[in-house]
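Close look at the chain arrangement
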Amino acid sequence: MSHEFTVTESEVLLEAPIIAVRRDQVVMPGGATAAREIVEHFGAVAVVAIDDKGRVALVEQYRHSVGQRLLELPAGLLDIHAEDELECAKRELQEEAGLAAEEWGVLVDLVTSPGFAEEAVRVFIARGLREVDRPEAEDEEADMRLSWVGIDDAAGKALAGEITNSIAVSGILAAARLLASGASPRSVDEPFRFRPASLANRRSAQGIVPDMKRI
């Protein structure tokens, strides 16, 4: 378990607004070198927003990769240069759900597809909700619909295959467990150690700030 998987060579194969694809040459146990393609990503945040009736805010959004509208948590990319994860979560909760929250905690951190992608997501739990003005939406978000579902019902939908977005499934089940046990979430000050850096560092070094998607 002591082998160092060092990178001897690296090249960027694709640059797109919200991802890049990189090929690394990695030294394997025994000394051979193997190519590993990695999808670079900014990372993201998501929010399990729970109201005083024990309901979670869910958004229905069209996802072109599967050609369907999916029930999801309010969420978004960490694509603004040096933006704090909590500030991003607050912004996304307002933009997608028209909500603000008084209480915040870290629910779970997810590495969504570690076999090939850097994407990692910090899922927050938010309580003490109030309605706020929602900015004008663009693209798929202009078609987004908000609904409120009891947390136990939402967990049931996840187990029944009615909620399939992996971030939503993880966040909902974690929140149901947290609320049922009466436990406290982790502090929002806890470092997000899996937050991806490759894409953000390269874009910022190129002066593509503050919106690092603008290539």
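Residues numbered from 1 in each chain as written. Predicted model: local features only at pLDDT ≥ 70, side-chain atom pairs only at ≥ 80, totals over all residues. Heavy atoms only, no water.

Under an unreviewed UniProt entry, the name given to the chain is 8-oxo-dGTP pyrophosphatase MutT (NUDIX family), and the source organism is Corynebacterium mucifaciens.

The next point concerns a negative patch on the surface. Taken together, the side chains of Glu-136, Glu-138, Asp-139 and Glu-140 define an acidic patch exposed on the protein surface. Relative to the elements of secondary structure, Glu-138 occurs in the loop between strand 9 (120–131) and strand 10 (145–150). (Patch = residues over 30% accessible without salt bridge, like charges linked within 9 Å, V, L, I, M, F, W, Y side chains within 5 Å. Areas by Shrake-Rupley, 256 points an atom, 1.4 Å probe, with all protein chains shown as cover. Salt bridge = Lys/Arg side-chain N within 4 Å of Asp/Glu carboxyl O. Lys, Arg positive; Asp, Glu negative; His and termini not counted. Charge placed at Lys NZ, Arg CZ, Asp CG, Glu CD. Helix = DSSP H or I, 4+ residues; strand = E, 2+ residues; numbered from the N terminus.)

This paragraph deals with the nonpolar core. Inside soluble globular proteins, nonpolar side chains tend to come together where they are buried. Core analysis: the biggest nonpolar cluster contains 26 residues, and Val-48, Val-56, Leu-73, Leu-107, Val-123 and Ile-172 have the highest contact counts within it. Those elements giving two or more residues to this core turn out to be strand 4 (44–49), strand 5 (55–63), strand 8 (99–111), strand 9, helix 2 (151–159) and helix 3 (166–181). Tallying contributions element by element places helix 3 first for this core, with seven residues. Other than its neighbours up to four places away in sequence, Val-48 contacts Val-56, Leu-73, Leu-107, Val-123, Phe-124, Ile-125, Ala-126, Gly-171, Ile-172 and Ala-175. Core analysis: the next-biggest nonpolar cluster, separate from the first, contains 18 residues, Val-47, Ala-57, Ala-89 and Ala-97 among them. (Core = buried A, V, L, I, M, F, W, Y, C linked by side-chain atoms within 4.5 Å. Buried < 20%, exposed > 50% of the residue type's maximum accessible area, 1.4 Å probe, protein only. Contact = heavy atoms within 4.5 Å.)

Right, let's get into the packing of aromatic side chains. The geometry of an aromatic ring pair comes down to the distance between the two centres and the angle between the two planes. Taken as a whole and assessed by the stated rule, the structure comprises one aromatic pair. Between Trp-104 and Phe-124, the ring centres sit 6.0 Å apart and the planes meet at 80°, which makes this aromatic pair edge-to-face. Of the two residues, Trp-104 is situated in strand 8 and Phe-124 in strand 9; the sequence distance between them amounts to 20 residues. Exposure class is identical for Trp-104 and Phe-124. Each is buried. (Phe/Tyr/Trp six-rings, centres within 6.5 Å; stacked < 30°, edge-to-face > 60°.)

The subject of this paragraph is the sheet that holds strand 6 (residues 68–72). If you walk across this open sheet you meet the three strands as 6-5-10, and the pairing is antiparallel. Here the strands that pair on one side only, and so sit at the sheet edges, are strand 6 and strand 10. The sheet shows a mean angle of 30° between the axes of neighbouring strands, direction not considered. Relative to strand 6, strand 5 runs antiparallel, the two being bridged by five bridges. Within the sheet, the bridge partner assigned to Glu-60 lies in strand 6 and is Leu-71. Contacts from helix 2 reach strand 5 and strand 10 within the one sheet, and its direction differs from that of strand 10 by about 105°. (Pairing = 2+ DSSP bridges. Axes fitted to C-alpha atoms, helices over the stretch in contact; angles between N-to-C directions.)

Another point: the sheet that holds strand 7 (residues 75–77). Reading across the sheet, the four strands line up as 7-4-9-8 and stay open at both edges, with mixed pairing between neighbours. Both outer strands of the open sheet, strand 7 and strand 8, are each paired with one neighbouring strand and no more. Neighbour-to-neighbour, the strand axes of the sheet open up by a mean angle of 25°, direction not taken into account. The sheet contact formed by strand 8 and strand 9 spans 11 bridges and is antiparallel. Bridge pairing in strand 9 links Glu-103 to Arg-127. The strands that helix 1 (residues 85–97) touches are strand 4, strand 7, strand 8 and strand 9; relative to strand 8, the one it contacts most, it runs at about 115°. Its contacts with the sheet put helix 3 on strand 4, strand 8 and strand 9, and the angle it makes with strand 8 is roughly 110°.

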